[in-house]
Amino acid sequence: EGQKGGAGQRQQALRERLDDLQRRMKDLGMQGEDGLSDAGPFATRDTGPEDPAVMIYTSGTTGPSKGVVLPRRSVEANIQARTSLWRFGPDDRLVLALPLFHVHGLCIGVHGPLLHGGSIDLLDSFSAQNVVRAIARADAQGLRPVFMGVPTMYRRLLEHLADQGRLPLHHPGMVEGGHHHRAG
């Protein structure tokens, strides 16, 4: 009973957040009068380089967090600059365990490989064991595994491999804090 009540409350809270998001999108001119379903599934429209691509929230280091709308031009330039520098290509398989509500996980992690014809193995959450398995799958498929993470993820990966008695003799391309480390 308690769990069902909690689920109902979570659903109601989610509905309220969705309604609030629809109101905000309407205010920004990002949707029609009747809500998100106006355009129908998979509908497209022409967009320009200054049209909104994403809305992110700043970290709030200099004050309260602020919502910032980034234009498509800015997001595309950032993705292209980083992934070209890192030499992303069609043979890359990104093992992605970063949260998609962060810019790096979403913009670089999701869009970066796709921009260069690569692929993504999107993990539900970070687990050293699952990352190692995903890297092995990519390797077995003849793809170059790439992993993006934060220092804690790398520490857990190394601890997991040490516990297994397997420290990597080679490593895939790895990205930490925006810095790319590519093997070979």
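Once a new chain begins, its residue numbering starts again from 1 and follows that chain's sequence as written. Per-residue local features of the predicted model are confined to residues with pLDDT of at least 70, and side-chain atom pairs are confined, for both listing and counting, to 80 or more; whole-chain, interface and lining totals are unaffected and use all residues. No hydrogens and no water enter the side-chain calculation; it runs on all heavy atoms of the structure.

Colleague: Would you mind showing me how to read the pairing of strand 4 (residues 119-122) here?
Modeller: The side chains of a regular strand alternate, first on one face of the sheet and then on the other. Two strands make a pair as long as DSSP finds a minimum of two bridges between them. Each helix is a run of H or I in the DSSP string that is no shorter than four residues. Each strand is a run of E no shorter than two, and both are numbered from the N terminus. Strand direction decides the pairing type here: strand 3 (residues 92-96) and strand 4, joined by four bridges, are parallel. Residue Leu-96 lies in a different strand from strand 4, and its bridge partner there is Leu-122. For the segment spanning strand 3, helix 3 (residues 103-115) and strand 4, crossover handedness is right-handed. Handedness is read with the strands pointing away from the viewer; a crossover is right-handed when the path from the first strand over the helix to the second is clockwise.

Colleague: Help me understand the environment of Ala-134, please; the structure alone is not making it clear to me.
Modeller: Topologically, Ala-134 is positioned in helix 4 (residues 128-140). Three exposure classes are used, based on accessible area relative to the maximum for each residue type with a 1.4 Å probe and protein chains only: buried under 20%, partly exposed in between, and exposed over 50%. The exposure class assigned to Ala-134 is buried, which follows from its relative accessible area of 1%. C-alpha separation for the pair Ala-134 and Phe-147, spaced 13 residues apart in sequence, amounts to 9.7 Å. When sequence neighbours within four positions are dropped, the list of residues in contact with Ala-134 reads Val-95, Asp-121 and Leu-123. Contacts: residue pairs with any heavy atoms within 4.5 Å of one another.

Colleague: What exactly am I supposed to notice about the packing of helix 4 against helix 5 (residues 151-163) here?
Modeller: Helix packing geometry: the angle between the two helix axes and the distance between the axes. Each axis is a line fitted through C-alpha atoms, taken for helices only over the stretch in contact, and angles between the N-to-C directions span 0 to 180 degrees. At a minimum axis separation of 9 Å, helix 4 and helix 5 run at an interaxial angle of 80°. As summarised for this structure, helix 4 and helix 5 are arranged roughly perpendicular, according to the angle between their axes. Here helix 4 contributes Ala-128, Gln-129, Val-131 and Val-132 to the contact with helix 5, which in turn contributes Arg-156, Leu-157, His-160 and Leu-161. Each residue gets one label: Ala, Val, Leu, Ile, Met, Phe, Trp, Tyr, Cys and Pro are nonpolar, Asp, Glu, Lys and Arg are charged, and the others, such as Gly, are polar. Of the residues belonging to the contact of helix 4 with helix 5, the class tally is five nonpolar, two polar and one charged. Working definition: roughly parallel below 35 degrees, roughly antiparallel above 145 degrees, roughly perpendicular at 65 to 115 degrees, and oblique for all remaining angles.

Colleague: Quick question: what am I supposed to make of the nonpolar core here?
Modeller: Proteins that are soluble and globular tend to have nonpolar side chains buried together. Judged by nonpolar contacts, the single largest core of 26 residues is most densely connected at Val-95, Leu-123, Val-131, Phe-147, Met-148 and Leu-157. At five residues, helix 4 tops the list of elements feeding residues into this core. The nonpolar core is taken to be a set of buried Ala, Val, Leu, Ile, Met, Phe, Trp, Tyr and Cys residues, with the residues joined through side-chain atoms within 4.5 Å.

Colleague: Honestly, a nonpolar patch on the surface in this entry has me stumped. Any pointers?
Modeller: On the surface, Met-55, Tyr-57 and Val-69 cluster together to form a nonpolar patch covering roughly 280 Å² of accessible area. Structurally, Tyr-57 can be placed in strand 1 (residues 52-57). Only residues whose relative accessible area exceeds 30% and that form no salt bridge are eligible for patches; like-charged ones are grouped when within 9 Å, while nonpolar side chains (Val, Leu, Ile, Met, Phe, Trp, Tyr) are grouped when within 5 Å. Surface accessibility follows the Shrake-Rupley procedure with a 1.4 Å probe radius. Residue values consider only the protein chains on display as shielding. Here, a salt bridge means any side-chain nitrogen of Lys or Arg that lies within 4 Å of a carboxyl oxygen of Asp or Glu.

Colleague: Any chance you could explain the side chain of Asp-121 here in plain terms?
Modeller: Tracing the backbone through its elements, the reader meets Asp-121 in strand 4. Excluding its chain neighbours within four sequence positions, the residues that come into contact with Asp-121 are Arg-93, Leu-94, Val-95, Leu-96, Ala-134 and Arg-137.

Colleague: I'm lost on helix 3 in this one. Help?
Modeller: Every α-helix winds through 3.6 residues per turn, so residues three or four apart in the chain are directed the same way. Turning to helix 3, its buried residues number three or more, namely Gly-105, Cys-107, Ile-108, Gly-109, Val-110, Gly-112 and Pro-113. On its buried face, helix 3 is in contact with helix 2 (72-85), strand 3, strand 4 and strand 5 (144-149). Positive phi shows up at Gly-117, right after helix 3, with a value of about 80°.

Colleague: Where do I start with the pattern of salt bridges in this structure?
Modeller: Pairing between side chains of opposite charge can happen when their charged atoms approach one another. In the structure shown here, the tally under the stated rule is five salt bridges. A salt bridge links Arg-144 to Asp-92; its shortest N-O distance comes to 3.3 Å. Of this pair, Arg-144 sits in strand 5 while Asp-92 is found in strand 3, placing the two residues 52 residues apart along the sequence. Taking relative accessible area as the criterion, Arg-144 reaches 39% and is therefore assigned partly exposed. Glu-159 serves as the salt-bridge partner of Arg-155, at 3.2 Å between the closest nitrogen and oxygen. In this pair, Arg-155 and Glu-159 are both assigned in helix 5, four residues apart and thus about one turn of the helix distant. Overall, Arg-155 belongs to the partly exposed group, its relative accessible area being 44%. Judged by relative accessible area, which is 40%, Glu-159 ranks as partly exposed.

Spatial relationships are all this shows, so hold off on functional conclusions.
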